[in-house]
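An overview of the molecular structure
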Amino acid sequence: MKINVKKEGQNEQYTLINDWSDVTLEKWAALIAGKKVAKGQAAEAIANITHLSDMPSKIIKELSLADVSKLMAKIATIQSMAK
């Protein structure tokens, strides 16, 4: 899934996983480690999006709450389809 982010008048495009099968063992291990380290829901959301996309955490931290919620909902949908 492509994610378009408009920042300072410029559009940047990033990629979020399309399917749970896109998650490599390395990404999964980093995701689990990030959840253990993350303090709070915001930090966990940043870790999830960081590990499941190619978007830098600096950019993720600048997203609106609505945009982060949309990304987390997409990740949840992808994860539920893998079961």
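Fair warning: this is a prediction, and the values are worked out from it, not measured in the lab. (Residues numbered from 1 in each chain as written. Predicted model: local features only at pLDDT ≥ 70, side-chain atom pairs only at ≥ 80, totals over all residues. Heavy atoms only, no water.)

**Brief notes about the nonpolar core**
Note the cut-off: In these notes, a set of buried Ala, Val, Leu, Ile, Met, Phe, Trp, Tyr and Cys residues joined through side-chain atoms within 4.5 Å is what counts as a nonpolar core. The buried label goes to any residue with under 20% of its type's maximum accessible area, the exposed label to any with over 50%, and the partly exposed label to all in between, with areas taken from a 1.4 Å probe on protein chains only. Secondary structure follows DSSP: runs of H or I at least 4 residues long count as helices, runs of E at least 2 residues long count as strands, and numbering of each begins at the N terminus. In what follows, a contact means two residues having at least one pair of non-hydrogen atoms within 4.5 Å.
By size, the foremost hydrophobic cluster in this structure holds 18 residues, and its most contacted members are Ile3, Val5, Leu52 and Met55. Here this core takes four residues from helix H4 (residues 65-81), the largest share from any one element. Not counting residues up to four positions away in its chain, the partners in contact with Val5 are Gln10, Asn11, Glu12, Tyr14, Met55, Ile59 and Leu63.

**Comments concerning the packing of helix H1 (residues 25-37) against helix H2 (residues 41-52)**
Which entries qualify depends on this criterion: Convention adopted: a line fitted to C-alpha atoms gives each axis, helices being fitted over their contacting stretch, and angles between N-to-C directions are expressed from 0 to 180 degrees. Reported orientations rely on four angle classes, namely roughly parallel under 35 degrees, roughly antiparallel over 145, roughly perpendicular from 65 to 115, and oblique for the rest. Residues are grouped as follows: nonpolar covers Ala, Val, Leu, Ile, Met, Phe, Trp, Tyr, Cys and Pro; charged covers Asp, Glu, Lys and Arg; every other residue, Gly included, is treated as polar.
Put simply, H1 and H2 touch, their axes get as near as 9 Å, and they point 170° apart. Classified by the interaxial angle, the pair formed by H1 and H2 is roughly antiparallel. Counting all contacts with H1, which are made through Lys27, Ala30, Leu31, Gly34 and Lys35, the residues of H2 involved are Glu44, Ala47, Asn48, His51 and Leu52. Classifying every residue of the contact of H1 with H2 gives four nonpolar, three polar and three charged.

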